[in-house]
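Per-entry structural report
The primary structure of each chain is shown beneath.
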Amino acid sequence: MSVTIKDVAREANVSPSTVSRVLSDSDKISEKTKRKVRKVMNELGYHINYNARVLVQKSTKTIGIVMKHSATHSWHNPFFPEVLRGISTYCHHLDYSISLTTGESEDSIYKEVVKMVNGKRIDGVIVLYSKKDDKVVPFLIEQQIPFVVIGKPMEHTNEIMYVDNDNVQAGKEATEFLIDLGHEEIAFIGDNPEFQVIQDRMNGYKEALLSNALLYREEYIKYDDNNNNPKVVTELFNEETVPTAFVISSDIQAISILKILHEKGYHVPNDMSIVTFNKTFITELSMPSLTTVNTQTYQLGYESSRCLIELINDPNMFKRSVIIPTVMELRDSHQKVLKV
């Protein structure tokens, strides 16, 4: 025999409407009452009838997650599980579920989003990227569904709620860290330049060089969307002046560069210094461990879900931006330049 809201209300000595408000996490119910009612739910083994709630509240209590790449590609990047952990932690707190896009191309991901929205399978969306010529965000704006972007939007910045780091400043700090170690020939390696985060970090790199009266060389800027292309490093080493340090846009890319450098007979940090971004388990497990700009990936996910659920509850609220601070974490992939 299934347990009903009335059973919970009777056992907790509250009204059925109070139990309903607890289920919706209403601000009108005290935390003390919420704890008491939830305790009774657990003791009685009460389970929410989600289908009934969708019909009554016209809410699925589900958030759609739009990935930067295909599902296969995303799971290979340690950034994704960590940001997803932050999202799911806050969603779990308010009894929301998450639904991931499963497409294997940009077009199939877009079609999946259209199905989610038009099928009313979700209450809102978190987009895990900001990209040039993206079709997803304009569609979400057109459909007037609540959504939050992780990353600074490339258009409609004042109309979109987003969570991000100050990636220009982070790129500048990473580069200035190497400059302070005595490096003057510093290269920047990014993945797909169509993503805003890569452009911002590259612009910060450029600012740091110019503000320190160092030569900015276009040939020192390389992009490698495959994260395993020896040609990128080979081209840099064919320059008349070879770089002594790299600013690399992601940790998974830095691991690939480490491997390529090792195969070419270069030692990090004795021959080359590296600073990367995104603190994940691979920055600590790599040999050597990687000096990194910790972008606090978990917090990016946590704040994005918090902002989205607030927007779902109040669609007319002010579309704000939330900037998560970054922190330099020093490990073993950098070294001072020895002046002769």
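It should be noted that the structure appears before, not after, this text.
Now for a look at the structure at hand. (Residues numbered from 1 in each chain as written. Predicted model: local features only at pLDDT ≥ 70, side-chain atom pairs only at ≥ 80, totals over all residues. Heavy atoms only, no water.)

With that out of the way, let us pick up the overall build of the protein chain. Summing up its helical and strand segments, the protein chain has 14 helices and 12 strands in all. Projected onto its principal axes, the C-alpha coordinates of the protein chain cover approximately 80 × 40 × 35 Å. Put simply, 69% of the contacts in the protein chain that link residues at least 6 apart link residues at least 24 apart. Total accessible area on the protein chain stands at roughly 17100 Å², and carbon and sulfur atoms take up 50% of it. If you average the places of the 38 positive and of the 45 negative side-chain charges in the protein chain, the two averages end up 10 Å apart. (Helix = DSSP H or I, 4+ residues; strand = E, 2+ residues; numbered from the N terminus. Contact = heavy atoms within 4.5 Å. Areas by Shrake-Rupley, 256 points an atom, 1.4 Å probe, with all protein chains shown as cover. Lys, Arg positive; Asp, Glu negative; His and termini not counted. Charge placed at Lys NZ, Arg CZ, Asp CG, Glu CD.)

What follows concerns the pairing of strand 1 (residues 62–66). Burial runs high along strand 1: 5 of the 5 residues are buried. Where burial is concerned, the two faces of strand 1 agree: the one with Thr-62, Gly-64 and Val-66 and the one with Ile-63 and Ile-65 are both buried. Where strand 1 meets strand 2 (residues 97–100), 4 bridges bridge the pair, whose relative direction is parallel. Paired with Ile-63 across the two strands is Ile-98, which belongs to strand 2. (Buried < 20%, exposed > 50% of the residue type's maximum accessible area, 1.4 Å probe, protein only. Pairing = 2+ DSSP bridges.)

Axis separation between helix 2 (residues 16–23) and helix 3 (residues 31–44) bottoms out at 10 Å; the angle between their running directions is 95 degrees. What the angle tells us is that helix 2 and helix 3 run roughly perpendicular. Seen from helix 2, the contacting residues are Thr-18, Val-19, Val-22 and Leu-23; seen from helix 3, they are Thr-33, Lys-34, Val-37, Arg-38 and Met-41. For the contact of helix 2 with helix 3, a count of residues per class yields 5 nonpolar, 2 polar and 2 charged. (Axes fitted to C-alpha atoms, helices over the stretch in contact; angles between N-to-C directions. Parallel < 35°, antiparallel > 145°, perpendicular 65-115°, else oblique. Nonpolar A, V, L, I, M, F, W, Y, C, P; charged D, E, K, R; others polar.)

Which parts of space are left empty comes out when a probe the size of a water molecule is rolled across the atoms. Taken as a whole and judged by the stated rule, the model has 2 cavities of 30 Å³ or more. Within this model, the second largest cavity holds a volume of roughly 30 Å³. What lines the second largest cavity is Glu-184, Glu-185, Ile-186, Tyr-205, Leu-209, Leu-215, Tyr-216, Arg-217 and Tyr-220. (1 Å grid on protein atoms, 1.4 Å probe; cavity = no way out; pocket = protein on both sides within 12 Å on 5 of 7 lines; lining within 4 Å. Points joined across faces, edges and corners; volume = space filled by probe spheres on them.)

Before going further, it helps to examine the sheet that holds strand 11 (residues 321–323). Here 6 strands make up an open sheet; going across it, the order is 2-1-3-4-5-11 and the pairing parallel. This sheet does not close on itself; its edge strands, each paired only once, are strand 2 and strand 11. Recorded for the sheet is a direction-independent mean angle of 20 degrees between the axes of neighbouring strands. Where helix 6 (residues 79–93) meets the sheet, it contacts strand 1, strand 2, strand 3 (124–127) and strand 4 (147–150), and its direction lies at approximately 150 degrees from that of strand 2.

Following the criterion strictly, the structure yields 19 salt bridges and no others. Glu-235 is the salt-bridge partner of Lys-231, the closest N and O atoms lying 3.9 Å from each other. A residue pair is termed a helical-turn pair when its members lie 3 or 4 positions apart in one helix, as Lys-231 and Glu-235 do in helix 11 (residues 230–237) at 4 residues. Given the relative accessible area of 52%, Lys-231 is considered exposed. Across the pair Lys-279 and Glu-329 runs a salt bridge whose closest N-O atoms are separated by 3.6 Å. On the criterion of sequence distance, the pair formed by Lys-279 in the loop between strand 9 (273–277) and helix 13 (281–285) and Glu-329 in strand 12 (residues 327–329) is long-range, its members being 50 residues apart. Taken together, the shared-partner salt bridges in this structure form one network comprising Lys-279, Glu-284, Glu-329 and Arg-331. (Salt bridge = Lys/Arg side-chain N within 4 Å of Asp/Glu carboxyl O.)

In this section: the packing of aromatic side chains. Tallied over the full model, the rule gives 6 aromatic pairs. Aromatic pair Tyr-90 and Tyr-302: ring centres 5.1 Å apart, planes at 80 degrees, arrangement edge-to-face. Here the residue Tyr-90 occupies a position in helix 6, and Tyr-302 occupies one in helix 14 (residues 297–313), the gap between them amounting to 212 residues. Taking the relative accessible area as the measure of exposure, Tyr-90 reaches 12% and is therefore buried. (Phe/Tyr/Trp six-rings, centres within 6.5 Å; stacked < 30°, edge-to-face > 60°.)

Time to look at helix 14. Relative to the 24 Å expected for 17 residues at 1.5 Å per residue, helix 14 spans 25 Å between its end C-alpha atoms, a close match to the ideal helical length. Where helix 14 is concerned, the buried positions are Thr-297, Leu-300, Gly-301, Glu-303, Ser-304, Ser-305, Cys-307, Leu-308, Ile-309, Leu-311 and Ile-312. Buried residues along helix 14 sit against strand 1, helix 6, strand 3, strand 4, strand 5 (161–164) and strand 11. (Expected span 1.5 Å × (residues − 1).)

Turning our eyes to something else, we now look at the state of the cysteines. Inspection of every chain in the model, using the stated rule, returns 0 disulfides. Unpaired in terms of disulfides, Cys-91 finds its nearest cysteine sulfur in Cys-307, a separation of 12 Å. (Disulfide = S-S within 2.5 Å.)

The residue Thr-295 is located in the loop between strand 10 (291–294) and helix 14 in this model. Thr-295 gets classed as buried once you look at its relative accessible area, which sits at 1%. Looking at Thr-295, its side chain comes within polar contact range of the side chain of Asn-278, at 2.9 Å. Once you skip the residues sitting within four places of it in the chain, Thr-295 turns out to touch Asn-165, Arg-201, Asn-278, Lys-279, Leu-300, Ile-324 and Thr-326. (Polar contact = N/O pair within 3.5 Å; in protein donor to acceptor, adjacent residues only side chain to side chain.)

The subject of this paragraph is the sheet that holds strand 6 (residues 186–190). Here 6 strands make up an open sheet; going across it, the order is 7-6-8-9-10-12 and the pairing mixed. Unpaired on one side and paired on the other, strand 7 (221–223) and strand 12 mark the two borders of the sheet. Each adjacent strand pair in this sheet contributes to an overall mean axis angle of 20 degrees, direction not counted. Judged from the 4 bridges that link them, strand 6 and strand 8 (residues 245–248) form a sheet pairing that is parallel. Within strand 8, the residue paired with Ala-187 across the bridge is Phe-246. Sheet strands in contact with helix 9 (residues 167–180) are strand 6, strand 8, strand 9, strand 10 and strand 12, and its direction is about 165 degrees off that of strand 9. The strands that helix 11 touches are strand 6, strand 7 and strand 8; relative to strand 7, the one it contacts most, it runs at about 165 degrees.

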